[in-house]
Amino acid sequence: MPTHPLKLRNRSLLRSNGYNRILSAFPIWKGKSLLDGSNIMVCLSNITTKCSNEKIAFNSKEKQDDVLQVWYLKEDEAPQKVFNSKQKSVCGDCQHLKDRSCYVVWFQAPLAVWKAAKDKPVLPATLVKQLTKDMFIRLGAAGDPAAAPAWVSRMVSENARAVAGYTHQWHKVAPDSSLKDFVMASVDSPYQAQLAHELGWRTFRTEPENGKNWDAFRNEIECLAESDGYSCDRCGLCNGNRRNGKGKNIKIRVHGVHSGKYKQNDNKFYSIRRENHK
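Quick caveat: nothing in here was measured; it's all calculated off a predicted structure.

Basis of the calculations
- Numbers given to residues run from 1 along each chain, matching the order in which its sequence is written.
- In view of the model being predicted, local features appear only for residues whose pLDDT reaches at least 70, and side-chain atom pairs are presented and counted only at 80 or more, with totals across whole chains, interfaces and linings using the full set of residues.
- Computation of side-chain values: all heavy atoms of the structure, hydrogens and water removed.
- For this analysis, a ring pair means two rings from Phe, Tyr or Trp (six-membered ring only for Trp) whose centres lie within 6.5 Å, classed as stacked if their planes differ by under 30 degrees, edge-to-face if by over 60, and tilted for the remaining angles.
- Only DSSP runs of H or I reaching four residues or more are called helices, and only runs of E reaching two or more are called strands; each is numbered from the N terminus.
- When a residue's accessible area, from a 1.4 Å probe over protein chains only, is under 20% of the maximum for its type it is buried; when over 50% it is exposed; and in between it is partly exposed.
- Here, a charge over a ring is recorded when the distance from Lys NZ or Arg CZ to the ring centre is within 6 Å and its angle to the ring normal is within 35 degrees.
- Disulfides are defined as cysteine sulfur pairs within 2.5 Å.
- DSSP calls a pair of strands paired once it identifies at least 2 bridges connecting them.
- Think of each axis as a best-fit line through the C-alpha atoms, taken over the contacting stretch in the case of a helix, with angles from 0 to 180 degrees between the N-to-C directions.

(A) Summary view of the packing of aromatic side chains. Across all of its chains, the model carries four aromatic pairs by this definition. A ring pair is formed by Trp 170 and Phe 269, whose centres lie 5.4 Å apart and whose planes are at 10 degrees; its orientation type is stacked. Pair noted here: Trp 170 is in the loop between strand S5 (162–167) and strand S6 (184–187) and Phe 269 is in helix H10 (residues 267–276), with a separation of 99 residues, a long-range link. On the accessibility criterion, Trp 170 (1% relative accessible area) is buried. The cationic tip of Lys 118 hangs over the ring face of Trp 114; the distance from NZ or CZ to the ring centre is 5.2 Å. Here the basic side chain of Arg 234 rests over the ring of Phe 58, its NZ or CZ set 4.4 Å away from the ring centre.

Laid out in structure tokens, this is it:
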């Protein structure tokens, strides 16, 4: 499989900027979590290497993917420890942290990225923008983009070919935040989806395998990875309001190794909607 030309470009960019040892991941920002104030970092991976997640990236004998992944991780603790202790540093009040139903396997890829990046200096913003130019960017391979300032996610997204990203913190993000310009509100029920729509978000909605609300919305289509086998880098629909908010909303059946623990709970959203309707 030939290396993608843009990843060969990135290899040259790193070397010309003094990064002679090409590592699997680099931090692009370090600072305080907007969710709980702890020390976190945002990392960029697959800068020069292929993405092995077949749902995210399409690879063949003739073509390598152009996918870069962005990870939101606690800086000073291993990802699986952060998840197992239900810390809010990079996941906030996501119900899949509370119920341990998250699809991310925190001791695998997130741990490898954390080990590779935690002791490295932050890449300069000018270099980050060069590395991400014309690439497909996946925001939140692990962790929530809302954990870091919105400008960090915008920095890696503004010159990209396409973007996919999700936040479970959509109900806490400031109404004028630019985060909704390039990520979807990740919702777990029709009630949450309706509230997110009212707040100006496009949605990515999960539905239980035997759920009764699959056809709850007209302006909603099934994730093409599930219906047609399209990888995210060939689809590009989960890009927030990047196309002026005119895209379809997306739905998918619950998936992941912990999907059996999935629950729908709208309790915390009732007061938000009442406040929104005052």
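(B) Geometry of the state of the cysteines. Under the defined criterion, the tally for this structure stands at zero disulfides. Distance from the sulfur of Cys 43, which forms no disulfide, to the nearest cysteine sulfur (Cys 91) is 14 Å. Owing to a relative accessible area of 0%, Cys 43 belongs among the buried residues under this scheme. There is no disulfide at Cys 51, and the cysteine sulfur nearest it, in Cys 232, is 9.1 Å away.

(C) How the structure looks around the sheet that holds S6. Read across the open sheet, the nine strands follow the order S1-S2-S3-S4-S5-S6-S7-S9-S8; overall the sheet is mixed. Of all strands in the sheet, those bounded by a partner on one side alone are strand S1 (25–32) and strand S8 (220–222). On average, adjacent strands in this sheet sit at an angle of 25 degrees to one another, irrespective of strand direction. Here S6 runs beside strand S7 (residues 203–207); their pairing, made up of three bridges, is parallel. In the sheet register, Val 187 faces S7, and the bridge partner there is Arg 205.

On their own, these measurements won't tell you what the molecule is for.
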